[in-house]
Amino acid sequence: ISPSWVNDLRLSYLQTAENFPLKDASLSEFPNLTVDSLALAIGPDPNLPQSGYVKSYQVYDAMTVVSGHHILKFGVDWRRGLNGGSFLPRERGDYGYTTFDLLLRDVAPDNLNIRGVGSGNFTGDNHRIFTFFQDDWKIRPNLTLNLGIRYEYQGLFRDAALQATAAPANVPGVIEFGVPKTDKNNWAPRVGFAWAPNFKNSVARFFFG
């Protein structure tokens with residue numbers, strides 16, 4: 001903008017997707033079976049199917065202003081995430097038998113009988129925002145003081161609010177379900193200095209925060 005004023009603006013978009021389906025969709029309603037006596041496993045990967053996706057928008061803008069003995073830096077970073085996926089281990093069921101005879105007679109599994117309960121779908125849409133201010137103050141030709149502060153906020157994932165639906169299972173004083181609270185007081189100060197001693201090509205730096 002001028003010899004002493006620089007604006008850094010960045011816009012970005014990221015998208016990724018993964019999908020791991022069952023190779024044979026006709027097996028989607030059939031469980032995995034194991035027979036211990038024969039060391040036999042029937043069925044595809046018990047962790048399938050699963051999938052996930054990420055869409056991220058970002059706007060970053062920062063200013064750098066040089067004024068006398070000060071270099072001022074301040075800016076904001078805003079991000080919007082549209083994320084989700086589907087993953088429920090043993091969604092189709094995982095049934096174990098100690099002998100093949102039990103399987104042939106179609107009795108209840110006697111070793112393991114696990115089936116995923118509920119939905120494996122999760123939507124993690126949220127907003128995130130980060131802001132900062134920093135002053136690099138050149139007190140002396142060989143001593144610079146760094147002062148700054150940063151604020152961060154991350155919004156609640158959309159489906160995390162569904163924890164409140166488990167409220168009927170609350171045990172007061174032991175475990176209680178509700179909408180998680182976000183941290184709205186996340187401030188981080190920053191203090192430091194850079195000192196160049198009298199001997200050549202040496203700089204000592206210290207930062208706290």
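Use the structure listed above.
Residues numbered from 1 in each chain as written. Predicted model: local features only at pLDDT ≥ 70, side-chain atom pairs only at ≥ 80, totals over all residues. Heavy atoms only, no water.

*Asks:* Before we move on, could you go through the overall build of the protein and cite the residues and values that matter?
*Replies:* A tally of regular secondary structure across the protein gives one helix and 12 strands. When the elements of the protein are put in sequence order from the N terminus, they spell out β-β-β-β-β-β-α-β-β-β-β-β-β. In terms of overall dimensions, the protein has a C-alpha envelope of 90 × 45 × 35 Å along the principal axes. Expressed as a percentage of the 209 residues in the protein, the buried residues total 20%. The long-range share in the protein, meaning contacts at least 24 apart out of those at least 6 apart in sequence, stands at 65%. Accessible surface, the protein as shown: approximately 14400 Å² in total, 60% of it carbon and sulfur. (Helix = DSSP H or I, 4+ residues; strand = E, 2+ residues; numbered from the N terminus. Buried < 20%, exposed > 50% of the residue type's maximum accessible area, 1.4 Å probe, protein only. Contact = heavy atoms within 4.5 Å. Areas by Shrake-Rupley, 256 points an atom, 1.4 Å probe, with all protein chains shown as cover.)

*Asks:* So, the sheet that holds strand S2 (residues 32-35): which residues are in play, and what are the values?
*Replies:* Spatially, the four strands line up as an open sheet ordered S3-S2-S6-S7, and their pairing is mixed. The strands lining the two open edges of the sheet, one partner per strand, are strand S3 (40-42) and strand S7 (112-114). With direction set aside, neighbouring strand axes in the sheet form an average angle of 15°. (Pairing = 2+ DSSP bridges. Axes fitted to C-alpha atoms, helices over the stretch in contact; angles between N-to-C directions.)

*Asks:* I'd like to hear about the nonpolar core, residue by residue, with values.
*Replies:* By size, the foremost hydrophobic cluster in this structure holds six residues: Leu33, Val35, Tyr95, Tyr97, Leu102 and Leu103. Mapped by element, the contributors of at least two residues to this core are S2, strand S6 (94-97) and helix H1 (100-104). Excluding anything up to four places from it in sequence, Leu103 contacts Leu33, Val35 and Tyr97. (Core = buried A, V, L, I, M, F, W, Y, C linked by side-chain atoms within 4.5 Å.)

*Asks:* Can you explain the packing of aromatic side chains? Please cite residues and give values.
*Replies:* All told, the structure shown has four aromatic pairs when counted by the stated rule. Arranged with centres 4.9 Å apart and planes meeting at 45°, the rings of Tyr13 and Tyr57 form a pair that is tilted. Taken as a pair, Tyr13 in strand S1 (residues 5-20) and Tyr57 in strand S4 (residues 50-67) lie far apart in primary sequence, 44 residues in all. Of the residues examined, Tyr13 reaches a relative accessible area of 42% and is grouped as partly exposed. A centroid spacing of 6.4 Å and a plane angle of 25° characterise the contact between Phe74 and Phe133, whose relative ring orientation is stacked. Of this pair, Phe74 sits in strand S5 (residues 70-86) while Phe133 is found in strand S9 (residues 126-140), placing the two residues 59 residues apart along the sequence. When its relative accessible area of 33% is taken as the criterion, Phe74 is described as partly exposed. For Phe133, a relative accessible area of 37% gives the class partly exposed. (Phe/Tyr/Trp six-rings, centres within 6.5 Å; stacked < 30°, edge-to-face > 60°.)

*Asks:* Now, about the pairing of S5: what can you tell me, with residues and values included?
*Replies:* Across 17 bridges, the pairing between S4 and S5 is antiparallel. The residue of S5 that forms the bridge with Lys55 is Leu82. Adjacent in sequence and paired antiparallel, S4 and S5 are bridged by two residues, among which Gly68 carries a positive phi angle near 60°. Pairing analysis gives 12 bridges linking S5 to S9, with the strands arranged antiparallel. Looking across to S9, one finds that Lys73 is bridged to Gln134. One ladder, built from three bridges, connects S5 with strand S8 (residues 121-123); its direction is antiparallel. Within S8, the position partnered with Gly84 by the bridge is Thr123.

In short, geometric facts, not functional conclusions.
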